[in-house]
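Close look at the chain arrangement
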Amino acid sequence: MINVPSIVSISLRALRVNKMRSALTMLGIIIGVGAVIAMLAVGTAASKKISEFISSIGSNILMVFPGATTAGGVRMGAGTQSTLTLADAEAVQKECPAVSAVAPVLNGVAQLVYGNQNWSTGVSGTTPSMFTAREWAISMGRVFTDQDVRSASKVCLLGQTVGDNLFGAINPVGEVIRIKNVPFTVVGVLESKGQDPGGHDQDDVVYIPVTTAQKKLFGTSFPGMIRMMYIQAVSLESMNAAERQVTDLLKQRHHIGPMQDNDFSVRNLTQILQASEQSAKMMTILLGAIASVSLLVGGIGIMNIMLVSVTERTREIGIRMAVGAKTWDIRLQFVIEALILSLIGGIIGVIFGVATAEILSVVAGWDTVISPGSVVLAFGFSGVVGIFFGFYPAYKASLLDPIEALRYE
Amino acid sequence: MALIETRNIDKIYSLGDVEVNALKDVSVVIEKGEFIAIMGPSGSGKSTFMNVLGCLDRPTSGSYLLEGIDVAHRDRDELATIRNRKLGFVFQGFNLLSRTSAVENVELPMLYDGIAARERRQRASAALATVGLAGREDHHPNQLSGGQQQRVAIARALVNQAPIILADEPTGNLDTKTSIEIMELLVRLNEESRITVILVTHEKDIAEFSRRRIFFRDGVVVSDETVKQS
């Protein structure tokens, strides 16, 4: 039996003889592997972005919004009615066993001033549960406390973007800023969470105690009113139970009969996002599958060329058989030749695919993520294609009759 | 024990409806060290007989004992191994691999016998020296004359120490002077190394180099004469 290094050198020599042909054959594989890698890079980036956002809103989160107002038959959209109150939030916290944390939110837009800097942003009144529910850590200082909420202290917690814009290089902790001309002491700065899928900057925000927001900034004629609440369920499995419990409790508290519409809505954001993450993953698979069709076409190109090569080299095969090449010696020679074509094509294809992904992200501004898995997958697939499409020509070669082959002109 | 013994070999080809009886009841015994010419007009069956002896083809019936072992009905791979170890081929058209150097052409049989690269190179160079081509190792077939190419082919036949060289019209493509040189080389190998040479030819002058001549006609051995050395 012939040894593998000898076969490899025979195959390399044969491929060098027809450089142009070998290069063109490889091109099919290069394009195929490159396309698979580039497409997977685009798709992976999309689903990664979504899953990053899912973890940024926190795990097992429900959001409750007030219902829509109706003015003369015109419904005004969710959140326009002022039906949720701080008392609702407290009740949910106390009475729903599937809920682990509740954070009410009363927000508005306000102008912030520090020294000669000013910045307009969303100001949210909430409770410290907000930061535990959303798993949002502090980069400097501390979170305001339940005591601050009870006493409606004028303290605030800055989002990264706000901190950067108002203070630049200065440490904001302990400084006093003015929000709608009311002085607030900065107690901490939150860590960056980045953008949400809509491109909205989650760090462009200021948090203050919800009671302070009601009394000093966004007070309305309806005391205790809040704009929404974040609810964290105790686990992923209990999210449906939590949703049901919250709905039942609020129905009861708001005196809504069985036939009436709810004056609030409960949204399971995690579920919605997980669905879109699923669809992004499906998209990735679809893109990869379409790209692998070109890899398959490349493989057919290899088979085509190998069949031509076997015919052209009939006499060589006859000589090899006459001096003692066995069936598998001949088969291996041609399979390895096809394999070398596809693996070299695969290596160049990986480079080509990575470069394409780079170009897409630089020129077109698309996010791309090259996962090592996709490189291994594409490269491995090219090897499988080489063996699969190389085998038939090799099999044909090995079945030649040595006498006929030696006579072949 | 004879080196080669064929017993009642028949070879029938089916060409569509027509059956061609290429060999009929051929029984020949060849001893080690003989130098034999197989002669006959074209279509006489001499090439078919050569292919059977060379384990390139299998007889339809009958047996072929090579060193006492019946090889007539072995499978492809077993025949390949026998060709590799026992038989060396020299063809009319040289049948060297183009774009492959002389020494690599000679290495070919050892490649399929799993011999390590260093030993292959050594033995191939030695075989080239035996046929008078020392120093031409790296020449490619298209850089060599017809006679030199045929010497490379003979070196390839020798290199695995096969006891038998089968030469099918080895001088068919060569001029008279070169033909004589090649025949003298085969005679020398036969005399010095006791290699059995079996030659197919239709040229009387070439057959003169042999000591035994077997004539074929219509697939049958019509005469088998041993020439007294003068």
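Rules used in this analysis
Residues numbered from 1 in each chain as written. Chains lettered and ligands numbered in written order. Predicted model: local features only at pLDDT ≥ 70, side-chain atom pairs only at ≥ 80, totals over all residues. Heavy atoms only, no water. Salt bridge = Lys/Arg side-chain N within 4 Å of Asp/Glu carboxyl O. Helix = DSSP H or I, 4+ residues; strand = E, 2+ residues; numbered from the N terminus. Buried < 20%, exposed > 50% of the residue type's maximum accessible area, 1.4 Å probe, protein only. Pairing = 2+ DSSP bridges. Axes fitted to C-alpha atoms, helices over the stretch in contact; angles between N-to-C directions. Parallel < 35°, antiparallel > 145°, perpendicular 65-115°, else oblique. Left-handed = near helix turned anticlockwise from the far one by under 90°. Contact = heavy atoms within 4.5 Å. Nonpolar A, V, L, I, M, F, W, Y, C, P; charged D, E, K, R; others polar.

**Details of the pattern of salt bridges**
When charged atoms on two side chains of opposite charge get close, those side chains can pair. Residues and elements named next belong to chain B. On inspection of all chains with the given rule, the structure shows 20 salt bridges over all chains. Of the charged contacts, one joins Asp113 and Arg85 as a salt bridge, the two residues approaching to 2.8 Å between their closest N and O atoms. Of the two residues, Asp113 sits in the loop between α3 (102-111) and α4 (117-130) while Arg85 sits in helix α2 (residues 76-86), which places them 28 residues apart along the sequence. Here Asp113 falls in the partly exposed class, since its relative accessible area comes to 23%. A relative accessible area of 44% places Arg85 in the partly exposed class. In this structure, the salt-bridge partner of Asp224 is Arg212, at a minimum N-O distance of 2.9 Å. Separated by 12 residues along the polypeptide, Asp224 in strand β10 (residues 220-226) and Arg212 in strand β9 (residues 212-217) bring together distant segments of the chain.

**A look at the sheet that holds strand β8 (residues 196-200) of chain B**
All names here are of chain B. What the six strands build is an open sheet, ordered β6-β7-β8-β3-β9-β10; its pairing is mixed. Two strands lie at the open edges of the sheet, namely β6 (87-90) and β10, each paired on one side alone. Within this sheet the neighbouring strands show an average axis-to-axis angle of 15 degrees, counted without direction. Of the pairings in the sheet, the one linking strand β7 (residues 164-168) to β8 comprises five bridges and is parallel in character. If you follow Asp168 over to β8, its bridge partner there is Val200.

**Details of the packing of helix α9 (residues 269-312) of chain A against helix α12 (residues 372-398) of chain A**
When two helices pack together, their arrangement is given by the angle between their axes and by how far apart the axes lie. All names here are of chain A. One can describe the packing of α9 onto α12 by two numbers: an axis separation of 9 Å at closest approach and a directional angle of 30 degrees. By the angle between their directions, the pair α9 and α12 is classed as roughly parallel. Judged by the twist between their axes, the crossing of α9 over α12 is right-handed. Residue-level contacts link Ser292, Leu295, Leu296, Gly299, Ile300, Met303, Met306, Leu307 and Val310 of α9 to Ala378, Phe381, Ser382, Val385, Phe389, Tyr392, Pro393, Lys396 and Ala397 of α12. Grouping the constituent residues of the contact of α9 with α12 by class yields 14 nonpolar, three polar and one charged.

**Some words on the packing of α9 of chain A against helix α11 (residues 327-364) of chain A**
Residues and elements named next belong to chain A. The contact between α9 and α11 brings their axes to 11 Å, and the two run at 140 degrees. Classified by the angle between their axes, α9 and α11 sit oblique to one another. Along this stretch, α9 crosses α11, giving a crossing that reads as right-handed. On the side of α9, the interface is formed by Ile302, Met306, Ser309 and Val310, while α11 contributes Phe334, Glu337, Ala338, Leu341 and Ser342. Residues of the contact of α9 with α11, tallied by class, amount to six nonpolar, two polar and one charged.

**Re helix α1 (residues 46-53) of chain B**
Counting buried residues along α1 of chain B, seven of its eight residues qualify, which places the element largely inside the surrounding structure. Downstream of α1 of chain B by one or two residues, Cys55 of chain B has phi in the positive range, about 55 degrees.

**Observations concerning the sheet that holds strand β1 (residues 4-15) of chain B**
Residue and element names in this part refer to chain B. Read from one edge of the open sheet, four strands run β2-β1-β4-β5, paired in antiparallel fashion. A strand with exactly one partner marks an edge of an open sheet, and here the two such strands are β2 (18-30) and β5 (69-70). By the bridge criterion, two bridges tie strand β4 (residues 61-66) to β5 in an arrangement that is antiparallel. Residue pairing across strands places Leu66 opposite Ile69, the latter belonging to β5.

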